[in-house]
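# Structural characterization, general
Residue-level listing of the chains:
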Amino acid sequence: TVEEFPDSDAISFEGWSCTYKELKDLVERFATGLSKLGIKKGDKIAIDVPNCPQFIIAYYAAIKLGAIINPIIPLHKFVEIAYQVNDSESKVLIIMDALYDEYLEGKDLSQMKTLEHIVLTGLGEYLPKFKAILGKLLGKIPYMKQKLWPKQVGNISVHEYQGIIKNGTPPSVPEVNIAPKKDV
């Protein structure tokens, strides 16, 4: 689709949109950033965000690396999130900041034995600026109440979603040999 329709809209989200060419660039930057965290083929990535651009970008980035996606329902509470992360042996948890704030903040995250990285993102990151600001002021956009996101929680490194994308600039996604009939 990128080759055939590079300038066609790929995502339209609450007034924000990107083309297939722009989506490919975001996916490759995020994949590069994840690979710099040590994520490789066969690793599991839990994604706990609602239907928004971050899910799409993270999903395709993980697939590009040969990683295995573990979607988590955004209504899951700590016990359910911990169970799913442990059961899937996820190394990374990509989670909306408001969900982290509500369900994980102050909890014993060491219960998630395989978790090495948490990637925090905010719903307003892919909204037009005025909509993001107004939405926060009116309480229409959930967000983390703390002013600063943590950098480390126990042995788990915490990263900003946009920081992962910036860390993947310029994109240089490692070549991954994927055998569709054998690999997950």
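I will try to describe carefully the structure that is included in this document. From a predicted model like this one, the values you see are computed outputs, not experimental measurements.

### Things to note about a nonpolar patch on the surface
Side chains of Ile133, Leu134, Leu137 and Leu138 sit close together on the surface and give an oily, nonpolar patch of about 440 Å² of accessible area. Counting through the fold element by element, leucine 134 comes out in helix α5 (residues 129-137). With a relative accessible area of 45%, leucine 134 lands in the partly exposed category.

### Concerning the environment of valine 85
Mapped onto the elements of the fold, valine 85 is located in helix α3 (residues 78-88). Once the C-alpha coordinates of valine 85 and lysine 113 are considered, the two residues, 28 residues apart in sequence, prove to be 8.4 Å apart. Excluding its chain neighbours within four sequence positions, the residues that come into contact with valine 85 are Ala46, Asn70, Ile72, Ser90, Met112, Thr114 and Leu115.

### Focus on the pattern of salt bridges
Taken as a whole and judged by the stated rule, the model has ten salt bridges. What you see here is one network of salt bridges that share partners, running through Lys24, Glu28 and Lys64.

Quick notes on the rules
Residues numbered from 1 in each chain as written. Predicted model: local features only at pLDDT ≥ 70, side-chain atom pairs only at ≥ 80, totals over all residues. Heavy atoms only, no water. Patch = residues over 30% accessible without salt bridge, like charges linked within 9 Å, V, L, I, M, F, W, Y side chains within 5 Å. Areas by Shrake-Rupley, 256 points an atom, 1.4 Å probe, with all protein chains shown as cover. Salt bridge = Lys/Arg side-chain N within 4 Å of Asp/Glu carboxyl O. Helix = DSSP H or I, 4+ residues; strand = E, 2+ residues; numbered from the N terminus. Buried < 20%, exposed > 50% of the residue type's maximum accessible area, 1.4 Å probe, protein only. Contact = heavy atoms within 4.5 Å.

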